[in-house]
There are 2 protein chains.
Amino acid sequence: MSLRHALLALLRVGPLSGYDLQKQFSQSVGHVWHAADSQIYPELRKMALEGLVTVEEQTRGERGMRKVYHVTEDGERAFTDWLDSAPEYQRIRDAAHLRAAYLESADPEAARAFLRAHIAHWEHELSCWEGELSHIEAIDNPMLVRRLAVTSEQDRERTIAYKRFAYDGLADRARGEIAWAERGLRLIDELEGPGAR
Amino acid sequence: MSLRHALLALLRVGPLSGYDLQKQFSQSVGHVWHAADSQIYPELRKMALEGLVTVEEQTRGERGMRKVYHVTEDGERAFTDWLDSAPEYQRIRDAAHLRAAYLESADPEAARAFLRAHIAHWEHELSCWEGELSHIEAIDNPMLVRRLAVTSEQDRERTIAYKRFAYDGLADRARGEIAWAERGLRLIDELEGPGAR
DNA sequence: CGTGGCATGTAAGCGGTTACATGATTGA
DNA sequence: TCAATCATGTAACCGCTTACATGCCACG
């Protein structure tokens, strides 16, 4: 249910077209809450129906058009209500740890390949998040810049601090996953003997 | 797509009825891959249709009946093929870190409540996983006991080691989430002043 | 005149959630 | 005879994925 909150988080900074929103999304909040393009347009439509946003239809050239979305008071309230509400947690469904629990039935080389893939995956995530962190520190992420432009002086530090806090947490998690998988590789060496590679 | 692999992991140890499977599930592999009861029966039916398991229908008393599922060679192969295949990763969708990134818009007390709830959630998960770890060390988890009974002497150590590895990883992740949320509570104190509580 | 980016979607399907639904057996 | 537990499901819905579908505009 958080796609709409992610969208509201961006729109709250200022109106955006569906297309621009989708672009900004993948470069900012999309690093925390992924959404496919094909999901964003229908969700915006539903949000408009529910009165969380209004649609301003603009013409582009002769026949082209774009829809610019504005947050309403209800939308603003939906966002802050969500922030102030009790969090909900997904039930665990962790394919990597499920697999890890049964590695004794895998081919040792396949087990190593799995852990190397795990490391590669989380190193990629880590570099994304470290990149975001440096954009936060340098204040050169486009959405953050827009956000700070409409934020009072005394709130800027808080805004930046919470973003840093969020991405720091994600980066730590990635480091933990990498360290775990590296422990796993050493464990395979101990149990199955050193590998071919 | 991993529900069936979780089910195969249990059935591979020996045949079980849908009901017993569901009970065992929630006490073992369900700690890593959650599944609702209502999901397990249809999935077993599909797996039978696809030839991964066979169904042995047993009568119970006059009219009662139970279906006992046995893994077929195809089922065995589906499981090991999965273990040997490249892992797939879900796109990130992390409500807690999404929320954390926008805490400047939340009421400070609600922000604290959120982080306390985060800590409580992960402490609960942690105690589950630490419990599982002690069952693994003591070798008194029912499924593990059954598993080891059909495992050769020299494979027991490996079997236990990989389970320990998997649950250690989950426990570390939980500790990371707790440490992160505690940092968050201190950050709120710094930014918003010490709280009411 | 073509290409790349702007712009907006639909449709089918899948895995999971929630709620509902039913009935038999066992033991106190 | 009553409750607990054994035992097996169905139906509606929801969010997400994948693939498909269309057409305009600006620029070289």
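Residues numbered from 1 in each chain as written. Chains lettered and ligands numbered in written order. Predicted model: local features only at pLDDT ≥ 70, side-chain atom pairs only at ≥ 80, totals over all residues. Heavy atoms only, no water.

A. Molecular detail of the UniProt feature "domain: Transcription regulator PadR N-terminal" (unreviewed entry) in chain A. Mapped onto the present numbering, the UniProt feature "domain: Transcription regulator PadR N-terminal" (unreviewed entry) falls at residues 7–80 of chain A. For residues 7–80 of chain A, the end-to-end C-alpha separation is 13 Å, with 49% helix and 24% strand making up the annotated structure. (UniProt positions renumbered as here; feature names shortened; annotations may be inferred. Helix = DSSP H or I, 4+ residues; strand = E, 2+ residues; numbered from the N terminus.)

B. Layout of the domain arrangement of chain A. Residues and elements named next belong to chain A. Partitioning chain A into structural domains gives domain 1 (3–84) and domain 2 (95–192). Contact residues are listed per partner, giving 11 residues for domain 1 and 10 residues for domain 2. Summed over both partners, the interface of domain 1 with domain 2 comes to about 910 Å²; 61% of that surface belongs to carbon and sulfur atoms. Three residues, Val13, Gln24 and His31, lead the burial of domain 1 against domain 2; their summed loss comes to 55% of the area buried on that side. Counting every contact that joins domain 1 to domain 2 gives two residue pairs in polar contact (both at pLDDT 80 or more). Among the residues forming the side of domain 1 that touches domain 2, the class breakdown is five nonpolar, five polar and one charged. (Domains from an automatic or database assignment. Contact = heavy atoms within 4.5 Å. Buried area = accessible area lost by both parts, 1.4 Å probe. Polar contact = N/O pair within 3.5 Å; in protein donor to acceptor, adjacent residues only side chain to side chain. Nonpolar A, V, L, I, M, F, W, Y, C, P; charged D, E, K, R; others polar.)

C. Looking closely at the protein's contact with DNA strand C. Around DNA strand C, the structure places 24 residues, and the nearest of them are Tyr19, Tyr41 and Lys67 of chain A together with Gln39 and Glu62 of chain B. Looking at DNA strand C alone, sugar and phosphate atoms form 75% of those within 4 Å of the protein. Within the contact set of DNA strand C, a phosphate oxygen lies 2.6 Å away from a side-chain nitrogen or oxygen of glutamine 39 of chain B. Between a phosphate oxygen of DNA strand C and a main-chain N or O atom of arginine 63 of chain B, the distance comes to 2.8 Å. Looking at the surface near DNA strand C, the element that brings in the most residues is strand β3 (residues 64–71) of chain A, giving four residues. Taken together, the residues of the surface near DNA strand C sort by class into seven nonpolar, seven polar and 10 charged. (Near = heavy atom within 4 Å.)

D. Focus on the nonpolar core. Grouped together as the largest cluster of nonpolar side chains are 120 residues, with contacts concentrated most on Phe25 and Tyr102 of chain A together with Phe25 and Tyr102 of chain B. The residues contacting tyrosine 102 of chain B, other than those within four sequence positions of it, are Ala9, Leu10, Val29, Phe79, Leu83 and Lys163 of chain A. (Core = buried A, V, L, I, M, F, W, Y, C linked by side-chain atoms within 4.5 Å. Buried < 20%, exposed > 50% of the residue type's maximum accessible area, 1.4 Å probe, protein only.)

E. How the structure looks around the pairing of strand β3 (residues 64–71) of chain B. Residues and elements named next belong to chain B. Sheet analysis places strand β1 (residues 16–17) next to β3, joined by two bridges and oriented antiparallel. Bridged to serine 17 within β3 is valine 68. Count of turn residues in the strand β2 (residues 53–60)/β3 antiparallel hairpin: three residues, of which glycine 61 carries a positive phi of about 65 degrees. (Pairing = 2+ DSSP bridges.)

F. Examining the protein's contact with DNA strand D more closely. Not every one of the 22 residues close to DNA strand D is listed here, only the nearest: Gln39 and Glu62 of chain A together with Tyr19, Arg60 and Lys67 of chain B. Contacts to DNA strand D include arginine 60 of chain B, whose side-chain N or O atom sits 3.2 Å from a sugar or linking oxygen. With respect to DNA strand D, the backbone of lysine 67 of chain B contributes an N or O atom lying 2.6 Å from a phosphate oxygen. Elements that contribute at least two residues to the surface near DNA strand D include exactly α3 (37–49) of chain A together with α2 (18–27), α3 (37–49) and β3 of chain B. If you tally residues by element for the surface near DNA strand D, the top one is β3 of chain B, at four residues. Its residues placed into classes, the surface near DNA strand D shows six nonpolar, seven polar and nine charged.

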